[in-house]
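Observations on the model geometry
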Amino acid sequence: MKELIIVLLDRFADWEAAFLAPALRGGVMPGHEGFCEVKYMTSDGAPVCSIGGLRIVPDYAAAELPAACAGVILVGGMSWDAPAAEKIVSVVEQARQRGLLVGAICNAASFLAAHGFLNEARHTGNTVEMLQKWGGERYTGAARFEERQAVRDGNLVTANGSGYLEFTRECLLALGADTPEAIAASYAFNKNGFYKA
C-alpha cells in the first residue's frame, strides 16, 4: 500500500493535517475505504511537539523517500525558518522529481517560497508579502500568487494557515483518494456540520 509522508517540525500546527490524515487512513466518507497509509517524518527522526503540546514519535527521519510514497505534506508551524527545516529541502526535491504530490500549508508554504519551489506554479500562502519576505531574491513567483484558501497546480498544493479544510480537499483530489463527489461531500460536511451556520 502507498504511504503519504507528513513532515512535522517542532512547534507544528496541530490542526493543519487533522482532517487529511484520517481521511486517507479511514476513508473520505463513512463506509468508504482508506486510500493509503500515513507516516510521519521529522528532520532528524526525533520526536517533536506541536503548538498545542501533542508529542509525535515519527516513522522516518529526512532521507530517501520510500518507493511506495504517494506524496509529501509539509505541516505549518513555528520552525520552518529554523536550521532543522533545511533537511527537508532534499525531501521536497525528491518528491518533485518523482512527480509526487507536494503539499504545504501556512509557514511551510513560505519555506517552499524561500527555496524557489513556488516560482513556476500557481500557489497561495499566508500573504504574498510573507512569501516575498521569506523568499527574498529566490522567490520570483509573486505574479502566480492567488488570494485563496488553497491552490492546486498539478501535484503542488499550497494553503494559508486557516485553509486546512480546503487544503485537505485539494490534496485528496490531487491524490485521487476518492471520487470528486465524495471529496466534495466530505468538505461540505466538515465546513458546515450538520446544520449550516
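Before reading further, recall that the structure is shown in the block above.
Residues numbered from 1 in each chain as written. Predicted model: local features only at pLDDT ≥ 70, side-chain atom pairs only at ≥ 80, totals over all residues. Heavy atoms only, no water.

**Considering the overall build of the chain**
Looking only at helices and strands, the chain features six helices and nine strands. In terms of C-alpha radius of gyration, the chain reaches 16 Å, essentially the compact-globule figure of 16 Å for 197 residues. With the C-alpha coordinates of the chain rotated into their principal frame, the extents come out at 45 × 35 × 35 Å. The proportion of buried residues among the 197 residues of the chain is 50%. The centroid of the 17 positive side-chain charges in the chain is displaced by 1 Å from the centroid of its 22 negative side-chain charges. (Helix = DSSP H or I, 4+ residues; strand = E, 2+ residues; numbered from the N terminus. Rg over C-alpha atoms; globule rule 2.2 N^0.38 Å. Buried < 20%, exposed > 50% of the residue type's maximum accessible area, 1.4 Å probe, protein only. Lys, Arg positive; Asp, Glu negative; His and termini not counted. Charge placed at Lys NZ, Arg CZ, Asp CG, Glu CD.)

**Structural notes on the pattern of salt bridges**
Scanning all chains against the criterion turns up seven salt bridges. Between Arg 144 and Glu 120 there is a salt bridge, and its shortest N-O distance comes to 3.9 Å. A residue pair is termed long-range when its members are at least 10 positions apart, and Arg 144 in the loop between helix 4 (128-135) and strand 8 (150-153) and Glu 120 in the loop between helix 3 (107-114) and helix 4 qualify at 24 residues. Residue classification places Arg 144 among the partly exposed positions, given a relative accessible area of 33%. Arg 152 serves as the salt-bridge partner of Glu 170, at 2.8 Å between the closest nitrogen and oxygen. Placement of Glu 170 in helix 5 (residues 164-175) and of Arg 152 in strand 8 is noted, with a sequence separation of 18 residues between them. According to the relative accessible area criterion, Glu 170 is buried, its value standing at 9%. Judged by relative accessible area, Arg 152 falls into the partly exposed class, the value being 31%. Here the salt bridges do not stand alone but share partners, grouping Arg 122, Glu 146 and Arg 148 into one network. (Salt bridge = Lys/Arg side-chain N within 4 Å of Asp/Glu carboxyl O.)

**Notes on the packing of aromatic side chains**
Using the criterion set out here, one finds four aromatic pairs in the structure. Taking 5.3 Å as the distance between ring centres and 85° as the angle between the ring planes, the aromatic pair formed by Phe 189 and Phe 194 counts as edge-to-face. Centre to centre, the rings of Phe 194 and Tyr 195 are 6.5 Å apart; their planes meet at 50°, and the pair counts as tilted. Tyr 195 shares its class with Phe 194; the two are exposed. The ring of Tyr 187 has Arg 169 lying over it, and the distance from NZ or CZ to the ring centre is 4.3 Å. (Phe/Tyr/Trp six-rings, centres within 6.5 Å; stacked < 30°, edge-to-face > 60°. Lys NZ or Arg CZ within 6 Å of the ring centre and 35° of its normal.)

**Thoughts on the packing of helix 5 against helix 6 (residues 180-192)**
Where helix 5 meets helix 6, the closest approach of the two axes is 10 Å, and the angle between their N-to-C directions is 170°. As summarised for this structure, helix 5 and helix 6 are arranged roughly antiparallel, according to the angle between their axes. Touching Leu 165, Glu 166, Arg 169, Leu 172 and Leu 173 of helix 5 are Pro 180, Ile 183, Tyr 187, Asn 190 and Lys 191, all from helix 6. Considered class by class, the residues forming the contact of helix 5 with helix 6 number six nonpolar, one polar and three charged. (Axes fitted to C-alpha atoms, helices over the stretch in contact; angles between N-to-C directions. Parallel < 35°, antiparallel > 145°, perpendicular 65-115°, else oblique. Contact = heavy atoms within 4.5 Å. Nonpolar A, V, L, I, M, F, W, Y, C, P; charged D, E, K, R; others polar.)

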